[in-house]
Amino acid sequence: MLELSLQQMAQGLAERKFSSVELTQAFLTQTKKLNPQINALITITEEQALAAAQQADRRIAAEEATPLTGIPIAHKDLFCTQGVKTTCASKMLDNFTAPYSATLVDKLEQAGAVSIGKTNMDEFAMGSSNENSFYGPCKNPWDLKAVPGGSSGGSAAAVAARMIPAATGSDTGGSIRQPAAFCGITGLKPTYGRVSRWGMIAYASSLDQAGPMARSAEDCALLLQQMAGFDPKDSTSIQRAVPDYLNLLDEPLQGLTLGLPQEYFGADLNPEVAERIHAAIGELEKLGARVKEVSLPLTRMAIPAYYVIAPAEASSNLSRFDGVRFGHRCADPKDLEDLYKRSRSEGFGEEVQRRILVGTYALSEGFYDAYYRKAQQVRRLITQDFMKAFNEVDLLVAPTAPSPAFDLGSKTSDPVQMYLEDIYTLGVNLAGLPALSTPVGQVAGRPVGLQLIGNHFDEGRLLNVAHQLQQVTDFHLQAPALV
């Protein structure tokens with residue numbers, strides 16, 4: 001059962017080959033077996049999951065099932081889930097139980113999906129390796145000495161290790177795509193506004209976007225179908241019809257023009273990763289796509305622009321965690337100032353504190369124009385680069401990350417080197433575009449991901465191209481040795 005696709009699971013449930021309780025129990029058993037090694041889940045909700053599975057079996061018996069009814073999933077631990085501890089992998093929220101559920105959680109629950117727990121992540125989604133977690137680093141199931149990527153590393157590792165067939169993630173600067181690449185799964189960052197952000201604990205409000213993580217493009221399409229759509233509770237949600245993503249998967253690629261951004265294939269790119277990327281592009285050409293080189297000249301400006309804008313928004317969003325209303329509160333504060341200082345310094349980890357300080361500085365009087373306003377101007381120019389490219393091509397094809405997963409601890413002492421891991425993903429978030437990572441091979445036993453970037457609301461085409469590639473390759477079906 002652990003190797004079945006979501007549609008195969010739905011078919012097996014419909015044909016009574018197994019029940020949702022049996023399916024859920026199989027994944028819970030795998031999770032309890034491997035989580036001590038991988039640390040992919042912070043909270044396992046076994047009792048609630050089995051109760052939800054029983055309810056799903058009743059819906060299936062009454063022929064009231066949707067394609068996701070009875071399917072086990074897990075949520076990244078920044079999506080509020082009513083009655084379940086929701087921590088953002090931070091000491092600040094170690095004692096927080098959400099009183100309501102995020103819209104995304106509600107939608108999947110209404111579809112009958114069975115949540116088995118909350119996945120590990122970088123604290124408040126700040127990181128590229130899942131090492132910035134109060135609950136300890138998550139490990140890559142392909143090589144336990146390697147990081148799984150971040151910040152959605154727990155979701156990616158759990159899917160790769162067959163602890164769950166699919167999970168939710170969030171992507172602020174590559175946090176779905178980069179861990180998907182490092183763990184050899186498929187991850188989709190939708191267009192900004194396509195999936196509701198209501199109930200997702202914010203890092204950077206103009207950049208954060210929720211999306212699906214699963215083994216295949218087909219599975220991601222099934223999840224996105226339920227997740228996408230307008231939400232009146234979310235002021236950043238876009239009121240636009242949701243297409244039938246599954247029906248678009250089998251569209252032929254003849255006549256499709258793929259753009260290769262020359263800036264993504266420079267000296268920063270590991271030569272062996274480049275080989276796997278070019279081999280995958282060759283497969284797409286065999287399927288009928290045409291390849292054309294394009295330029296995104298401001299690619300290198302994405303990192304400095306992002307690391308002004310995102311921390312600035314984080315400094316505002318995280319100001320609510322002050323030890324007064326909820327979250328960590330220091331012991332025996334002397335006065336209000338002491339309460340604020342000690343609660344925040346005790347509750348937030350080093351990377352979160354670093355970004356709050358950077359963001360507060362960028363927004364301070366005398367520096368706002370020099371840093372924040374300038375970064376927003378660069379953001380507009382980066383968006384214009386992408387729009388110019390899409391006047392020439394249908395999609396962009398590029399590496400997801402410059403190298404395979406790096407070793408645990410190898411970049412923690414140098415934040416700038418860690419930030420450079422996001423060189424190929426940040427621009428997409430600054431421009432609000434959709435992008436997807438699909439596995440295309442391995443280097444030294446560690447997976448490599450191909451990134452597909454589309455114009456706004458072109459998720460269907462991204463899923464279509466990834467699905468067609470997955471029909472002629474089997475990298476998305478491969479499992480780590482420990483499974």
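Above this text sits the structure in question.
First, a word on scope: everything that follows refers to the structure included in this document. What you are looking at is a predicted structure, and each value in this text was computed from that prediction instead of being measured.

1. Brief notes about the overall build of the protein
Step number 1: Scanning the protein from terminus to terminus reveals 16 helices and eleven strands.
Step number 2: For the protein, whose C-alpha radius of gyration is 21 Å, the value lies close to the compact-globule estimate of 23 Å for 483 residues.
Step number 3: The buried share of the protein, taken over its 483 residues, is 60%.
Step number 4: For the protein, the computed accessible surface area is about 17,700 Å², with 50% contributed by carbon and sulfur atoms.

2. A word on unusual backbone geometry
Glycine aside, a negative phi is what most residues show, and trans is what most peptide bonds show.
Step number 1: Cis geometry is adopted by the peptide bond preceding Ser-151, which originates at Gly-150 and carries an omega value of 10°.
Step number 2: Along the chain, Ser-151 falls in the loop between strand 3 (114-119) and helix 5 (153-160).
Step number 3: Phi at Ala-89 takes a positive value of approximately 55°, unusual for a residue other than glycine.
Step number 4: By the secondary structure assignment, Ala-89 is in the loop between strand 2 (72-76) and helix 4 (103-110).
Step number 5: Accessibility expressed as a relative area gives 0% for Ala-89, which makes it buried.
Step number 6: Even without glycine at this site, Ala-444 takes up a positive phi of about 55°.
Step number 7: The exposure class assigned to Ala-444 is exposed, which follows from its relative accessible area of 76%.

3. Description of the pairing of strand 7 (residues 257-261)
Step number 1: Most of strand 7 is tucked away: five of the five residues are buried.
Step number 2: Two strands pair when backbone bridges link them, and strand 7 and strand 8 (residues 290-294) are joined in this way by five bridges, in the parallel orientation. In the strand pairing of strand 8, Pro-261 is matched with Val-294.
Step number 3: Crossover connection from strand 7 via helix 9 (residues 271-286) to parallel strand 8: handedness right-handed.
Step number 4: As judged from the two bridges shared by strand 7 and strand 9 (residues 395-399), these two strands associate in the parallel manner.

4. Here we look at the packing of aromatic side chains
Step number 1: Counted according to the given criterion, the structure contains 15 aromatic pairs.
Step number 2: Residues Tyr-306 and Tyr-307 carry aromatic rings whose centres are separated by 4.8 Å and whose planes lie at 80° to one another, so their mutual orientation is edge-to-face.
Step number 3: Judged by relative accessible area, Tyr-306 falls into the buried class, the value being 3%.
Step number 4: In textbook terms, an aromatic cluster arises when at least three aromatic residues are bridged by ring pairs, as seen for Phe-96, Phe-124, Phe-321, Phe-326 and Phe-348.
Step number 5: Here the basic side chain of Lys-233 rests over the ring of Trp-198, its NZ or CZ set 4.0 Å away from the ring centre.

5. Remarks on the packing of helix 7 (residues 217-227) against helix 16 (residues 459-472)
Step number 1: At a minimum axis separation of 8 Å, helix 7 and helix 16 run at an interaxial angle of 155°. Looking at the two axes, helix 7 sits roughly antiparallel to helix 16. Of the residues in helix 16, those touching helix 7 at Ala-217, Glu-218, Cys-220, Ala-221 and Leu-224 are Glu-459, Leu-463, Ala-466, His-467 and Gln-470.
Step number 2: In terms of residue class, the contact of helix 7 with helix 16 is built from six nonpolar, two polar and two charged.

6. Points about the nonpolar core
Step number 1: Counting residues in each nonpolar core, the largest one holds 114 residues, and the members touching the most others are Phe-124, Leu-284, Phe-386, Leu-396, Leu-450, Ile-453 and Leu-463.
Step number 2: A total of ten residues in this core trace back to one element, the largest contributor, which is helix 10 (residues 302-317).
Step number 3: Residues within four places of Ile-453 in sequence aside, it is in contact with Tyr-264, Phe-386, Phe-390, Leu-395, Leu-396, Val-428, Leu-433, Pro-434, Ala-435 and Leu-462.

7. Some points on the side chain of Thr-473
Step number 1: Turning to its location among the elements, Thr-473 is positioned in the segment after helix 16.
Step number 2: The exposure class of Thr-473 is buried, given its relative accessible area of 17%.
Step number 3: At 2.9 Å, the side chain of Thr-473 forms a polar contact with the backbone oxygen of Leu-469.

8. Describing a nonpolar patch on the surface
Step number 1: Where nonpolar side chains cluster on the molecular surface, the patch consists of Val-324, Leu-336 and Tyr-340 and spans about 270 Å² of accessible area.
Step number 2: By the secondary structure assignment, Val-324 is in the loop between helix 10 and helix 11 (336-347).
Step number 3: With a relative accessible area of 41%, Val-324 lands in the partly exposed category.

9. A short note on the pattern of salt bridges
Step number 1: As enumerated under the stated definition, the model contains 22 salt bridges in all.
Step number 2: For Lys-145, the salt bridge is made with Asp-143, and the minimal N-O distance between the two is 3.3 Å.
Step number 3: The exposure class assigned to Lys-145 is exposed, which follows from its relative accessible area of 55%.
Step number 4: Residues Glu-421 and Lys-411 are paired through a salt bridge, measuring 3.7 Å at the closest nitrogen-oxygen approach. Taken together, the positions of Glu-421 in the loop between helix 14 (415-419) and helix 15 (426-431) and Lys-411 in the loop between strand 9 and helix 14 put the pair ten residues apart, joining distant regions of the chain. As far as the burial class goes, Glu-421 and Lys-411 line up, both buried.

Cut-offs used in this document
- Residues numbered from 1 in each chain as written.
- Predicted model: local features only at pLDDT ≥ 70, side-chain atom pairs only at ≥ 80, totals over all residues.
- Heavy atoms only, no water.
- Helix = DSSP H or I, 4+ residues; strand = E, 2+ residues; numbered from the N terminus.
- Rg over C-alpha atoms; globule rule 2.2 N^0.38 Å.
- Buried < 20%, exposed > 50% of the residue type's maximum accessible area, 1.4 Å probe, protein only.
- Areas by Shrake-Rupley, 256 points an atom, 1.4 Å probe, with all protein chains shown as cover.
- Pairing = 2+ DSSP bridges.
- Right-handed = clockwise from strand over helix to strand, strands pointing away.
- Phe/Tyr/Trp six-rings, centres within 6.5 Å; stacked < 30°, edge-to-face > 60°.
- Lys NZ or Arg CZ within 6 Å of the ring centre and 35° of its normal.
- Axes fitted to C-alpha atoms, helices over the stretch in contact; angles between N-to-C directions.
- Parallel < 35°, antiparallel > 145°, perpendicular 65-115°, else oblique.
- Contact = heavy atoms within 4.5 Å.
- Nonpolar A, V, L, I, M, F, W, Y, C, P; charged D, E, K, R; others polar.
- Core = buried A, V, L, I, M, F, W, Y, C linked by side-chain atoms within 4.5 Å.
- Polar contact = N/O pair within 3.5 Å; in protein donor to acceptor, adjacent residues only side chain to side chain.
- Patch = residues over 30% accessible without salt bridge, like charges linked within 9 Å, V, L, I, M, F, W, Y side chains within 5 Å.
- Salt bridge = Lys/Arg side-chain N within 4 Å of Asp/Glu carboxyl O.

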